[in-house]
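Each chain, letter by letter, is given below.
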Amino acid sequence: MPATSVRFDEVTLGYGRHPAVHHLDGEIAAGSLTAVVGPNGAGKSTLLKGIVGTLAPLEGRISLNGAGPGPVAYLPQAAEIDRSFPLSVYDLVAMGLWSRSGLFGGIGRKDRTRIEHALAAVGLIGFERRPISTLSGGQMQRALFARLLLQDASLILLDEPFTAIDAKTTADLLDLVRRWHAEKRTVVAVLHDLDMVRRVFPETLLIAREPVAWGETGHVLSPENLLTARQMVEAYDPHAAPCQRNAA
Amino acid sequence: MVEFLISPFSEFEFMQRALVGVIAIALGGGPVGVFLMLRRMSLTGDAMAHAILPGAAVGYLIAGLSLPAMTIGGLIAGVIVAVAAGLVSRLTNLKEDASLAAFYLLSLALGVTIVSLRGSNVDLLHVLFGTVLALDDQTLLLLASISTITVLALALLYRPLVLECVDPTFLRSVSRSGTPVHLVFVGLVVLNLVGGFHALGTLLAVGMMMLPAAAARFWTNDITVMMVVSIAVGIVSGIGGLLLSFHAELPAGPAIILTAGGLYGLSLALGREGGLLWLAWPGKHLEA
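All figures in this text were calculated on a predicted structure; none of them were measured in a lab.

Some words on the overall build of chain B
Turning to step 1, where the next piece is worked out: From N to C terminus, chain B includes 14 helices and zero strands.
Turning to step 2, where the next piece is worked out: Over its C-alpha atoms chain B spans a radius of gyration of 20 Å, differing by no more than 12% from the 19 Å that the globule rule assigns to 288 residues.
Turning to step 3, where the next piece is worked out: Counting only C-alpha atoms and orienting by the principal axes, one finds that chain B spans roughly 65 × 55 × 30 Å.
Turning to step 4, where the next piece is worked out: Entry remark: accessible area of chain B is about 13,300 Å², with carbon and sulfur atoms responsible for 71%.
Turning to step 5, where the next piece is worked out: Distance between charge centres in chain B, computed from 12 positive and 15 negative side chains, equals 15 Å.

Structural data, given as structure tokens:
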């Protein structure tokens, strides 16, 4: 698995002209397992949207460097899925094959085996024909992880994947994250559970609009850094002047 | 019984033509209606139907009750309103439903005004309620072509259409086909409305889309089956409505839509997926 790295060159992402991520510079190394941590409104989800490309930077550049086009797999926060739509779990998971099958391609016997393996890996055997409207929050998250598995991406972005998920499901899904890491995929996850970050994620980016610290988790999550992050002012100033940093 | 069901169609050519026409409309309209419903665009269909009117009216003003002129006029007006409403909702604070409502009210008023400029009240009734009992060869060919194009296009676009309804974020992360697919779909809606317009008029054309689709939703959770059921409901409504209009001497277009409405009511009451009967008497709960 040729992994993908993500390079940020003085990246500012935001809405209107107000920055949500301000002057981020650095690199997520290929094959690394990185947690993105910070208070609410710190720009964590915005950062992931920037990497996926659904939000263009106000300034700076985000570049993905990997062998080939290596697709990005992205699990948004509380995925915007229409749960009332009449779709089976099987079909939802099968969408993960999109990059292989595209708009029109068929799904062959090999693909069916893949889908079965993915369903087995997340413990959803027996749910294939169930409509997605009947799934619980945790079961839905398992199904979405099965879809991520099928996407077979070299860069995987997870936005608060374990929020409102029980301990057993979290443990199962974390095993998948560890497996992806072992397979040398690059994984970036937005998380709030600092104990989990310390246990599982070697690298951490602590962000509070401005990047506060980035590197080895133990150093980043120091009491001083966490205090700095907590002091972020959430509201933006409607009369803020244009940013002068790097102007010269 | 045979007398009642068959002979109106075997004896009268205009009834045969009407039958062919409504079957063609049902084949295209049902599946499009299912997607409109699943994409929560049911009222968009209604708005678009009104939007077609001024275009058709301009065609009428130029060429009288001419099929090509009114078809082309209707298509152009429908596409303009769809695109304009989309642009307004994307560029301003107004949501798409509000901007569509604004555009379609304008269109309806404009269309009725234009038709009245030249025509009689009879012509106005033609435009508003259609002429399902007076379909000529040209119109039948048009209806058949539209349903063929629709079924083929939906077969090709099925996957992105479904995906864009269920999980638009995911579609955006794996493909850029979302917007073009949406535009083609809106095009199909307009096309089917223009077809339905000739038979059922601007006000009722959307009925052969939404009523069969809404009825079908009560019978299945499978989208493919839903489309088939919607087509069946459309065809049965067409046949039933034509017979009703023939025997009871009712206007044909409204009779067809009323029949579809009856089937919708039946499905609402008895449908296996969320029908009222099953809600009222769901049976004893299960063990697991």
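So, helix α9 (residues 223-230) of chain A
All names here are of chain A.
Turning to step 1, where the next piece is worked out: For α9, the set of buried residues is Asn 225, Leu 226 and Ala 229. Looking down the long axis of α9, one finds its buried residues gathered within 100 degrees of arc, a one-sided arrangement. Away from the buried face of α9 by more than 90 degrees, exposed residues Pro 223, Glu 224 and Arg 230 are located.
Turning to step 2, where the next piece is worked out: On the buried face of α9, the contacting elements are α7 (194-200), β8 (203-208), β9 (210-216) and α8 (217-220).

Concerning the UniProt feature "transmembrane region" (unreviewed entry) in chain B
Residues and elements named next belong to chain B.
Turning to step 1, where the next piece is worked out: Here the UniProt-annotated "transmembrane region" (unreviewed entry) positions come out as residues 18-38, 45-63, 69-88, 100-120, 140-162, 183-211, 223-244 and 256-281.
Turning to step 2, where the next piece is worked out: With 100% helix and 0% strand, residues 140-162 has end C-alpha atoms that lie 30 Å from one another.
Turning to step 3, where the next piece is worked out: The annotated region residues 256-281 carries 77% helix and 0% strand content, and the separation between its end C-alpha atoms amounts to 32 Å.

Quick word on the pairing of strand β3 (residues 33-37) of chain A
Residue and element names in this part refer to chain A.
Turning to step 1, where the next piece is worked out: Counting buried positions over the five residues of β3 gives five, a clear majority of the element.
Turning to step 2, where the next piece is worked out: Going residue by residue along β3, you find Leu 33, Ala 35 and Val 37 tucked away on one face and Thr 34 and Val 36 tucked away on the opposite face as well.
Turning to step 3, where the next piece is worked out: Note that β3 and strand β7 (residues 186-190) share four bridges and pair parallel. Paired with Ala 35 across the bridge in β7 is Ala 189.
Turning to step 4, where the next piece is worked out: Direction of pairing for β3 relative to β8: parallel, over a ladder of four bridges. Each bridged residue has a counterpart across the sheet, and for Val 36 the counterpart in β8 is Leu 205.

Focus on the interface of chain B and chain A
Turning to step 1, where the next piece is worked out: With 23 residues of chain B at the interface, the matching set in chain A holds 24 residues.
Turning to step 2, where the next piece is worked out: For the pair chain B and chain A, the summed buried area comes to about 2,100 Å², and 64% of that belongs to carbon and sulfur atoms.
Turning to step 3, where the next piece is worked out: In this structure, the connection of chain B to chain A is made through two salt bridges.
Turning to step 4, where the next piece is worked out: Across the pair A:Asp82 and B:Arg40 runs a salt bridge, and its minimum N-O distance is 3.0 Å.
Turning to step 5, where the next piece is worked out: If you look at where chain B meets chain A, you find four residue pairs in polar contact (both at pLDDT 80 or more).
Turning to step 6, where the next piece is worked out: Elements supplying a minimum of two residues to the side of chain B that touches chain A: α8 (137-166), α9 (168-174) and α12 (223-248) of chain B.
Turning to step 7, where the next piece is worked out: For the side of chain B that touches chain A, the per-class residue count stands at 13 nonpolar, five polar and five charged.

The rules behind each value
Residues numbered from 1 in each chain as written. Chains lettered and ligands numbered in written order. Predicted model: local features only at pLDDT ≥ 70, side-chain atom pairs only at ≥ 80, totals over all residues. Heavy atoms only, no water. Helix = DSSP H or I, 4+ residues; strand = E, 2+ residues; numbered from the N terminus. Rg over C-alpha atoms; globule rule 2.2 N^0.38 Å. Areas by Shrake-Rupley, 256 points an atom, 1.4 Å probe, with all protein chains shown as cover. Lys, Arg positive; Asp, Glu negative; His and termini not counted. Charge placed at Lys NZ, Arg CZ, Asp CG, Glu CD. Buried < 20%, exposed > 50% of the residue type's maximum accessible area, 1.4 Å probe, protein only. Arc of directions from axis to C-beta. Contact = heavy atoms within 4.5 Å. UniProt positions renumbered as here; feature names shortened; annotations may be inferred. Pairing = 2+ DSSP bridges. Buried area = accessible area lost by both parts, 1.4 Å probe. Salt bridge = Lys/Arg side-chain N within 4 Å of Asp/Glu carboxyl O. Polar contact = N/O pair within 3.5 Å; in protein donor to acceptor, adjacent residues only side chain to side chain. Nonpolar A, V, L, I, M, F, W, Y, C, P; charged D, E, K, R; others polar.

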